[in-house]
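An overview of the molecular structure
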Amino acid sequence: DVKVTQSSRYLVKRTGEKVFLECVQDMDHENMFWYRQDPGLGLRLIYFSYDVKMKEKGDIPEGYSVSREKKERFSLILESASTNQTSMYLCASSSGTGGYYEQYFGPGTRLTVT
Amino acid sequence: SQQGEEDPQALSIQEGENATMNCSYKTSINNLQWYRQNSGRGLVHLILIRSNEREKHSGRLRVTLDTSKKSSSLLITASRAADTASYFCATFRYSSASKIIFGSGTRLSIRP
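Described below are features of the structure shown in this document. Treat the numbers as computed from the prediction; the structure is a model and nothing was measured. (Residues numbered from 1 in each chain as written. Chains lettered and ligands numbered in written order. Predicted model: local features only at pLDDT ≥ 70, side-chain atom pairs only at ≥ 80, totals over all residues. Heavy atoms only, no water.)

A short note on the sheet that holds strand β3 (residues 19-25) of chain A
Residues and elements named next belong to chain A. Selection rule: Whether two strands pair comes down to DSSP finding at least two bridges between them. For the purposes of this entry, the term helix denotes a DSSP run of H or I that reaches at least four residues, the term strand denotes a run of E that reaches at least two, and both are numbered from the N terminus. Comment: axis = line fitted to C-alpha atoms, over the contacting stretch for helices; angle = value between 0 and 180 degrees taken between N-to-C directions.
The 4 strands lie next to each other as β1-β3-β8-β7, forming an open sheet whose pairing is antiparallel. Edge positions in the sheet fall to β1 (4-6) and β7 (64-70), since each has one partner strand and no second. Across the sheet, the mean angle separating the axes of adjacent strands is 20 degrees when strand polarity is ignored. The pairing of β7 with strand β8 (residues 73-78) spans 5 bridges and is antiparallel. Looking at the pairing, Lys 70 lines up with Arg 73 of β8.

Here it is, written out as structure tokens:
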């Protein structure tokens, strides 16, 4: 079974802190994704990566950056956390041309910025 | 811009009844997927239907796709308490690269 793990289930950070969210998948998937999920807004794509060192902006990249140095690991970075970045963050991975195939999700990180 | 819109936003039914959720979208697609999310957890893929398919089954799940109406439905038969979750449709167009676009979901509650 595909396993996608995220570094933390819950995280509390202060405004202005640099925040790292890490995601690891164990199925050699080419594609990895970061979403945020807010009530009533569904999932919104922040960034995705279709190969090592490659990244593409999603729909809401402002205030975020990503890093993919190894195929299995995709990191989301909040350079200077703000209260409007309080949200549930979900990582996902998929094989091939990403949308043609199902995505496998991690359990999520609930981030609170105070 | 949001591609998929689920309807209804919330649904409460008695255990054993069938649950039907609908998804409408705006542009042509290559496939449509349904996912389930239990409270506070990640999403789990349920079923994928391609644009040239009209109906697909998986266990108690039945998905239909009507590309002329740009809509899909998810039917869960003989519902169980464990089916209580949020259900999301997600659409994919090849021109959108690897992105799939999720709707805002239907929250399904099964009453014992």
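Section: the interface of chain B and chain A
As a measure of interface size, the accessible area lost when the parts come together is often cited. Note the cut-off: Every residue pair with non-hydrogen atoms within 4.5 Å of one another is taken to be in contact. Accessible surface is computed with a 1.4 Å probe, and the buried area is the amount of it that two parts give up when combined, taken over both parts together. Basic side-chain nitrogens of Lys or Arg form a salt bridge, by our definition, when they fall within 4 Å of a carboxyl oxygen of Asp or Glu. As used in this structure description, the phrase polar contact means that two N or O atoms lie within 3.5 Å; if the pair is within protein, one of them must be able to donate a hydrogen and the other to accept it, and residues adjacent in sequence are counted only when both atoms belong to side chains.
Counting residues at the interface gives 23 residues for chain B, matched by 24 residues for chain A. Here chain B and chain A share an interface that buries about 1900 Å² over both sides, 55% of which is from carbon and sulfur atoms. Summed over the shared surface of chain B and chain A, the number is 0 salt bridges. Counting every contact that joins chain B to chain A gives 4 residue pairs in polar contact (both at pLDDT 80 or more).

Digging into the environment of Met32(A)
Position of Met32(A) among the secondary structure elements: in strand β4 (residues 31-38). C-alpha separation for the pair Met32(A) and Ile60(A), spaced 28 residues apart in sequence, amounts to 16 Å.

Focus: the sheet that holds strand β6 (residues 55-58) of chain B
All names here are of chain B. A sheet is described by the order of its strands in space; here 5 strands give the open sequence β1-β3-β8-β7-β6, paired in antiparallel fashion. Since the sheet does not close on itself, it has two edges, and those belong to β1 (5-7) and β6, each with one partner. Sheet twist, expressed as the mean angle between neighbouring strand axes with direction ignored, is 20 degrees. In this sheet, strand β3 (residues 19-24) lies alongside β1 in antiparallel orientation, the contact comprising 3 bridges. By the bridge assignment, Glu 6 is partnered in β3 with Cys 23.

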